[in-house]
Amino acid sequence: MLFSYHNPTRILFGRGQIAALAECLDPQARVLLIYGGGSIRKNGVYDQVARALAGHSWWEFSGVEPNPHMETLDKAVALVREHGVDFILAVGGGSVIDGSKYVAAAALYDGDGWDIPSRRHTVRSAVPLGAVLTLPATGSESNAGAVITRAATGEKLPFGAPAVQPRFAVLDPDTMKSLPERQLVNGIIDSFVHVCEQYLTRPTGAMVQDGYSEALLRTLAALAGDFAGRDDDLWRANLMWAANQGLNGLVGVGVPQDWATHMIGHEITARYGLDHAVTLALVQPALLRVRLEAKRAKLAQMGRAVFGLAPGADLAERTVDAIEALYRSLGIPAGLRAAGVAEPDAPERLTDALTRHGMTALGEDGAVTPEVARAILTRAL
Ligand code: NZQ
Ligand code: ZN
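Residues numbered from 1 in each chain as written. Chains lettered and ligands numbered in written order. Predicted model: local features only at pLDDT ≥ 70, side-chain atom pairs only at ≥ 80, totals over all residues. Heavy atoms only, no water.

Draft legend 1. The arrangement of the overall build of the chain in detail. Each helix and strand in the chain was counted, giving 14 helices and 8 strands. Against the globule reference of 21 Å for 381 residues, the chain gives a C-alpha radius of gyration of 20 Å, in line with a compact fold. The buried share among the 381 residues of the chain stands at 57%. Pairs at least 24 residues apart make up 77% of the contacts formed inside the chain by residues separated by at least 6 positions. Total accessible area on the chain is roughly 15,000 Å²; 52% of this is exposed by carbon and sulfur atoms. Separation between the mean location of the 35 positive side-chain charges and that of the 41 negative ones in the chain comes to 1 Å. (Helix = DSSP H or I, 4+ residues; strand = E, 2+ residues; numbered from the N terminus. Rg over C-alpha atoms; globule rule 2.2 N^0.38 Å. Buried < 20%, exposed > 50% of the residue type's maximum accessible area, 1.4 Å probe, protein only. Contact = heavy atoms within 4.5 Å. Areas by Shrake-Rupley, 256 points an atom, 1.4 Å probe, with all protein chains shown as cover. Lys, Arg positive; Asp, Glu negative; His and termini not counted. Charge placed at Lys NZ, Arg CZ, Asp CG, Glu CD.)

Now the structure itself:
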């Protein structure tokens, strides 16, 4: 095991913590508040943030869409420059936080912003940012990653840099009260798959990472099982904390990581507009079946530790069935076609897009070549 771990995001967790964000800001800071399509205006979060910002110089930018578009975000970049903004406050879900990370980096870069997601430019500096999370799912509030879409070409690519990791993140589960059911489902699934991407690879004997991953997966499975009880403070708090812990870097230290489901899923969202979590729930069981032998040992471990399945030669197979059943219990359709992907040659088109983006050796062992990706997508239809 070999790693260097540093998570510099201060977490302010719990009811009423939005007020405390003022303590995290320099009184002289010139702040740009960035938010999405307006949910925070309706649920009172905007008002709480505005109260916390009283006494600061601040501006706002709204309209960041789900799967944030570079074209939209570039307008916020112009605002940062125009007003000499030196702190960005992202208030929303993963899209707003990811979008704000792009804005923070692009504001200090003179070239074409797409150079950042396409990795022609390595981000070394960014305007500092903080986050108020309103949708627990991505972990973006305390990690260094972001996924950006260029609408003009229908491309969706990830980038990451320590400079864009939020300095602080407010996690007040009360902000989740206005979330539609669909976004709660997305939050459970996205978090579940994040842990799987870092856990369902091959055995390494990393007992802390495995044990913590299993605790998170059991928590998420229990919240899914108790979906009817979702209008409850503890249910919300547990989801918000589990989603954060699932992708703050901790469970992935020093162990192999997969991420093929995510990279394939990003192409599906870019081409067909499906929600991020829905793409994961459709691709992952297919991927696990195609890659069953490589992942057999870890699947068996997960079956025992997470789902409490009985031992047996087919334990790995039953674990994949249990994962799929979990997603179906949350209303995920039976396959890509049922989810609205109508193009007959979808697997070929998506595989071509992966190849164009250089994603030709995905997975913990690089074994997900374009042919394997096509087989996974065909199975996911
Ligand atoms: O825009 P508003 O009006 O705020 O509405 C949003 C949006 O329509 C709404 N919403 C958010 N909080 C709400 C709320 N509605 C009512 N009450 C609230 N409290 O929810 C809708 C979806 O929001 P979005 O931010 O798009 O969802 P999510 O958090 O799932 O983020 C998805 C994006 O994150 C990326 C995905 O690819 C996708 O682009 N990811 C980012 C990662 C990261 N940075 O580490 C990792 C992930 O794997 C993922 O790829
Ligand atoms: Zn995800």
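This is not the end of the story, as more comes after the structure.
Draft legend 2. Spotlight on the pairing of strand E2 (residues 30-35). Of all 6 residues making up E2, 5 are buried, and the element is well covered by its neighbours. As paired strands, E2 and strand E3 (residues 57-61) are joined by 5 bridges and run parallel to one another. Directly across from Leu33, in E3, lies its bridge partner Glu60. Pairing of E2 with strand E4 (residues 87-92) involves 5 bridges; the strand directions are parallel. (Pairing = 2+ DSSP bridges.)

Draft legend 3. Quick look at helix H6 (residues 181-199). With 19 residues, H6 ought to run about 27 Å at 1.5 Å a step, and its terminal C-alpha atoms sit 27 Å apart, in line with that. Among the 19 residues in H6, 16 count as buried, and that is most of the element. (Expected span 1.5 Å × (residues − 1).)

Draft legend 4. Summary view of unusual backbone geometry. Here Asn67, not a glycine, exhibits a phi torsion of approximately 55 degrees, which is positive. Examined against the element boundaries, Asn67 turns out to sit in the loop between E3 and helix H4 (70-83). Here the phi dihedral of Arg119 falls at roughly 65 degrees; this positive angle occurs in a residue that is not glycine. A relative accessible area of 56% means that Arg119 is categorised as exposed.

Draft legend 5. Inspection of the environment of Tyr102 at higher detail. By the element assignment, Tyr102 lies in helix H5 (residues 94-106). Residue classification places Tyr102 among the buried positions, given a relative accessible area of 0%. Once the C-alpha coordinates of Tyr102 and Phe159 are considered, the two residues, 57 residues apart in sequence, prove to be 8.9 Å apart. The residues touching Tyr102, leaving out its near neighbours within four places in the chain, are Met70, Leu73, Asp74, Val77, Gly113, Trp114, Pro117, Ile148 and Phe159. Looking at Tyr102, its side chain comes within polar contact range of the side chain of Asp74, at 2.7 Å. (Polar contact = N/O pair within 3.5 Å; in protein donor to acceptor, adjacent residues only side chain to side chain.)

Draft legend 6. Here's a closer look at the domain arrangement of the chain. Each domain of the chain was delimited in the assignment, giving domain 1 (10-175) and domain 2 (180-380). Centre-to-centre separation of domain 1 and domain 2, based on C-alpha positions: 26 Å. At the interface, 24 residues of domain 1 touch 21 residues of domain 2. Summing both sides of the interface, domain 1 and domain 2 together bury roughly 1,900 Å²; the carbon and sulfur share of this comes to 64%. On the domain 1 side of the contact with domain 2, Pro136, Ala137 and Lys156 bury the most area, a combined 28% of that side's loss. For Asp233, the salt bridge identified is with Arg15, shortest N-O distance 3.2 Å. Linking domain 1 to domain 2 there are 6 residue pairs in polar contact (both at pLDDT 80 or more). Elements that contribute at least two residues to the side of domain 1 that touches domain 2 include exactly strand E1 (10-13) and strand E7 (155-160). If you tally residues by element for the side of domain 1 that touches domain 2, the top one is E7, at 4 residues. Classifying every residue of the side of domain 1 that touches domain 2 gives 11 nonpolar, 7 polar and 6 charged. (Domains from an automatic or database assignment. Buried area = accessible area lost by both parts, 1.4 Å probe. Salt bridge = Lys/Arg side-chain N within 4 Å of Asp/Glu carboxyl O. Nonpolar A, V, L, I, M, F, W, Y, C, P; charged D, E, K, R; others polar.)

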